[in-house]
Amino acid sequence: MKRRFKKTDWRLLVLVVAHGVAIAGFISADTQTVQAERSGWRKIDREALMEKIRSGDLVRHEADWYRVVPDQGGSGDSGQGR
Amino acid sequence: MSSVICELCPKLCLIPEGGAGDCRIRVNLDGKLCATTWGRPSAVHVDPVEKKPLFHFLPGSSIFSIATAGCNLHCKNCQNWQLSQRGGEAMEEIFRAPPQTVVGAALGKGCRSIAYTYSEPIVFYEYVYDTALEAQAQGLKNVLVTAAYINEKPLRKLCQPIDAANVDLKAFDDGFYRSNCSGSLKPVLDALVVLRQEGVWVEITNLLIPTMNDDLVMIRRMSKWIVAELGAGTPLHFSRFHPQYQLRNLPPTPAETLQRARREAMEAGLQHVYIGNVFGNDAESTRCPHDDTMLIRRTGYRIEENNLVDGRCPKCNEPIGGVWE
């Protein structure tokens, strides 16, 4: 016996599709983050670095060949580095 | 707090405050990119120049050799990974040696040149440049031992005080660079051309890793590229792989593979093709490409005889490329 779609069925279908889109978007965004990390920068043990700078084992000698850019929202403590 | 983009090498790392570049030693501190190992080498030795290897550069001389931590490539076969794959903050041994100290020590040890070597001098660029200028002023020559993964502008500036370079051309295959070294091939080829244009004496090392980069067709293509772009007189050193770091599962390169690669390179037109890391073979001596006269006979790093006369073959008087005095 054939069963016709009711109003509640449509609502359920929309809900399922919306969930699917949300999950796909989340996975895609997550993958992009991983890719960005791979070509970016490294998280370092800042405490150890500053200790070595204080003791004179390392230095704060300004490098050549760089430019400052507006902050991207990341920080050394954000856990985004490798 | 600002992020910075390091424009030294093709990776163009975008580094947030407190982070380091992929090389681990160029660190963003308060919006300023800092070369944290400037004047702070972790390796200091006196070597025979043949060890670099440089066979056409002041043969038989000693070369003062320095390196700091860090590298912008991450080769699975790295021989110096304890040095190259660490940041300065992780090093146990750090010497305090600003440029004047290095140059003074090199002169004191009777060296004729200084090598920036072992890890990757590109990443401690500022220390290399400042030391090389000081060395040049004191009559010493300067040598880079490098993978040449660097952008054009910084390289052209660095070439000014540099006399010679041994460039590690890891394979003539972009896929190998990406999967084994986390780099790419084209910037290295571009850098080789720039070095030549800037008048730096260039020798090339190609480490042959069994099954990974020992394909003879690729070796022929690489050799032909060297002949066309750098010249037939460019020395090429095929070096024997020993299981290291993350490639301990592979065997050492068979001697026959090295011999076959050498034959292939010479058939492609290269005049000086050497085999390294194999003690006591005829392919570590220099012969005249025109009449086969023995010019420099070597056993390991030792010079047994040097018959060159003012950089020329004593028999046919042909000039042999290199820096001989």
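Residues numbered from 1 in each chain as written. Chains lettered and ligands numbered in written order. Predicted model: local features only at pLDDT ≥ 70, side-chain atom pairs only at ≥ 80, totals over all residues. Heavy atoms only, no water.

Asks: Quick question: what am I supposed to make of the overall build of chain B here?
Replies: For chain B, the count of helices and strands is eight helices and 15 strands. Its C-alpha radius of gyration of 19 Å places chain B within 12% of the 20 Å reference for a compact globule of 325 residues. Its C-alpha atoms give chain B principal-axis dimensions of about 65 × 45 × 35 Å. When burial is assessed residue by residue, chain B has 60% of its 325 residues classed as buried. Put simply, 65% of the contacts in chain B that link residues at least 6 apart link residues at least 24 apart. (Helix = DSSP H or I, 4+ residues; strand = E, 2+ residues; numbered from the N terminus. Rg over C-alpha atoms; globule rule 2.2 N^0.38 Å. Buried < 20%, exposed > 50% of the residue type's maximum accessible area, 1.4 Å probe, protein only. Contact = heavy atoms within 4.5 Å.)

Asks: It is not clear to me how the interface of chain B and chain A should be interpreted in this structure. Could you clarify?
Replies: Buried accessible area, meaning the area lost when the parts come together, often serves as the stated size of an interface. Of the residues lining the interface, 45 residues belong to chain B; the matching set on chain A comes to 33 residues. Across the interface of chain B and chain A, roughly 3,500 Å² is buried in total on both sides, 55% from carbon and sulfur atoms. Across the chain B-chain A interface, the total number found is five salt bridges. Here arginine 46 of chain A ties to glutamate 17 of chain B by a salt bridge, and the two come within 2.6 Å at their closest N and O atoms. Scanning the region where chain B abuts chain A turns up 21 residue pairs in polar contact (both at pLDDT 80 or more). For the side of chain B that touches chain A, the elements supplying multiple residues, two or more each, are strand 1 (3-6), strand 2 (14-15), strand 3 (26-29), strand 4 (32-35), helix 3 (125-137) and helix 4 (152-159) of chain B. Bridge analysis of strand 1 (residues 61-62) of chain A against strand 4 of chain B gives two bridges, and the strand direction is antiparallel. Directly across from histidine 61 of chain A, in strand 4 of chain B, lies its bridge partner alanine 35 of chain B. (Buried area = accessible area lost by both parts, 1.4 Å probe. Salt bridge = Lys/Arg side-chain N within 4 Å of Asp/Glu carboxyl O. Polar contact = N/O pair within 3.5 Å; in protein donor to acceptor, adjacent residues only side chain to side chain. Pairing = 2+ DSSP bridges.)

Asks: Is there a simple way to explain the environment of valine 27 of chain B in this structure?
Replies: Structurally, the position occupied by valine 27 of chain B is in strand 3. For valine 27 of chain B, a relative accessible area of 1% corresponds to the buried category. Here the alpha-carbon distance between valine 27 of chain B and valine 4 of chain B, two residues 23 residues apart in the chain, equals 9.4 Å. Those residues in contact with valine 27 of chain B that lie beyond four places of it in its chain are Ile44 and Leu49 of chain A together with Gly19, Ala20, Lys32, Leu33, Cys34 and Thr36 of chain B.

Asks: Would you mind going over a nonpolar patch on the surface with me for this structure?
Replies: Together, Trp10, Leu13, Val17 and Val21 of chain A make up a nonpolar patch on the protein surface, roughly 410 Å² of accessible area in all. When you line up the elements, tryptophan 10 of chain A lands in helix 1 (residues 7-38). (Patch = residues over 30% accessible without salt bridge, like charges linked within 9 Å, V, L, I, M, F, W, Y side chains within 5 Å. Areas by Shrake-Rupley, 256 points an atom, 1.4 Å probe, with all protein chains shown as cover.)

Asks: Help me understand helix 7 (residues 216-229) of chain B in this model?
Replies: One full turn of an α-helix is made of 3.6 residues, so residues set three or four places apart face in the same direction. Residue and element names in this part refer to chain B. Spanning 14 residues, helix 7 covers 20 Å between terminal C-alpha atoms, matching the ideal 20 Å at 1.5 Å per step. Of the positions making up helix 7, those classed as buried are Met218, Ile219, Met222, Ser223, Trp225 and Ile226. Down the axis of helix 7, the buried side of the element spans an arc of 160°, and every buried residue falls inside it. Away from the buried face of helix 7 by more than 90 degrees, exposed residues Val217 and Ala228 are located. In this structure, the buried residues of helix 7 make contact with helix 6 (186-197), strand 10 (201-208), strand 11 (236-240) and helix 8 (255-267). The positive-phi residue at the C-terminal boundary of helix 7 is glycine 231, with phi of around 110°. (Expected span 1.5 Å × (residues − 1). Arc of directions from axis to C-beta.)

Asks: Is there a simple way to explain the sheet that holds strand 4 of chain B in this structure?
Replies: Hydrogen bonds between backbone atoms are what pair the strands of a sheet, whose relative direction is either parallel or antiparallel. Spatially, the three strands line up as an open sheet ordered 1(A)-4(B)-3(B), and their pairing is antiparallel. The open sheet has two edge strands, strand 1 of chain A together with strand 3 of chain B, and neither has a second partner. Across four bridges, the pairing between strand 3 of chain B and strand 4 of chain B is antiparallel. Looking across to strand 4 of chain B, one finds that asparagine 28 of chain B is bridged to leucine 33 of chain B.

Asks: Before we go on, may I ask you to explain the state of the cysteines in this structure?
Replies: Two cysteines joined by a covalent bond between their sulfur atoms form a disulfide. Using the criterion set out here, one finds zero disulfides over all chains in the structure. Residue cysteine 23 of chain B stays outside any disulfide, its sulfur separated by 6.4 Å from that of cysteine 6 of chain B, the closest cysteine. (Disulfide = S-S within 2.5 Å.)

Asks: Would you mind going over the side chain of histidine 56 of chain B with me for this structure?
Replies: Residues and elements named next belong to chain B. Looking at the secondary structure, you find histidine 56 in the loop between strand 5 (43-48) and strand 6 (62-67). Side chain to side chain, histidine 56 and tyrosine 274 meet in a polar contact 2.7 Å long. In terms of polar contacts, histidine 56 uses its side chain to reach the backbone carbonyl oxygen of glycine 321, at 2.7 Å. For histidine 56, the contacting residues outside a window of four places in its chain are Trp201, Glu203, Pro235, His272, Tyr274, Thr286, Ile320, Gly321, Gly322, Val323 and Trp324.

Asks: Please clarify how the environment of proline 154 of chain B should be interpreted in this entry.
Replies: Its place among the elements puts proline 154 of chain B in helix 4. Residues proline 154 of chain B and glycine 21 of chain B, spaced 133 residues apart in sequence, show a C-alpha to C-alpha distance of 16 Å. Look past the residues within four positions of proline 154 of chain B in its chain and what remains in contact with it is Trp65 of chain A together with Glu7, Leu8 and Tyr125 of chain B.

Asks: Would you mind showing me how to read the nonpolar core here?
Replies: All names here are of chain B. Counting residues in each nonpolar core, the largest one holds 102 residues, and the members touching the most others are Ile114, Tyr116, Leu169, Leu192 and Phe238. Sequence-distant contacts of phenylalanine 238, defined by excluding residues within four places in its chain, comprise Asn206, Leu208, Ile219, Met222, Leu258, Ala261, Arg262, Ala265, Val273, Tyr274, Ile275 and Gly276. Judged by nonpolar contacts, the second largest core, of 11 residues, contains Leu54, Leu58, Ala164 and Val323. (Core = buried A, V, L, I, M, F, W, Y, C linked by side-chain atoms within 4.5 Å.)

Asks: Got a minute to help me understand the confidence of the model for chain B in this structure?
Replies: Low-pLDDT stretches of the model should not have their predicted coordinates read in fine detail. With 100% of its residues at a pLDDT of 70 or more, chain B shows a mean pLDDT of 97. Scored as a whole, the predicted complex attains pTM 0.87, and scored at its interfaces, ipTM 0.92. (pLDDT = per-residue confidence, 0-100.)

Asks: Looking at this structure, how should I read the sheet that holds strand 15 (residues 302-306) of chain B?
Replies: Residues and elements named next belong to chain B. The three strands are arranged 13-14-15 in an open sheet whose pairing can be described as antiparallel. Looking along the sheet, the strands with just one partner apiece sit at the ends: strand 13 (286-287) and strand 15. One ladder, built from two bridges, connects strand 13 with strand 14 (residues 294-299); its direction is antiparallel. Each bridged residue has a counterpart across the sheet, and for threonine 286 the counterpart in strand 14 is isoleucine 296.

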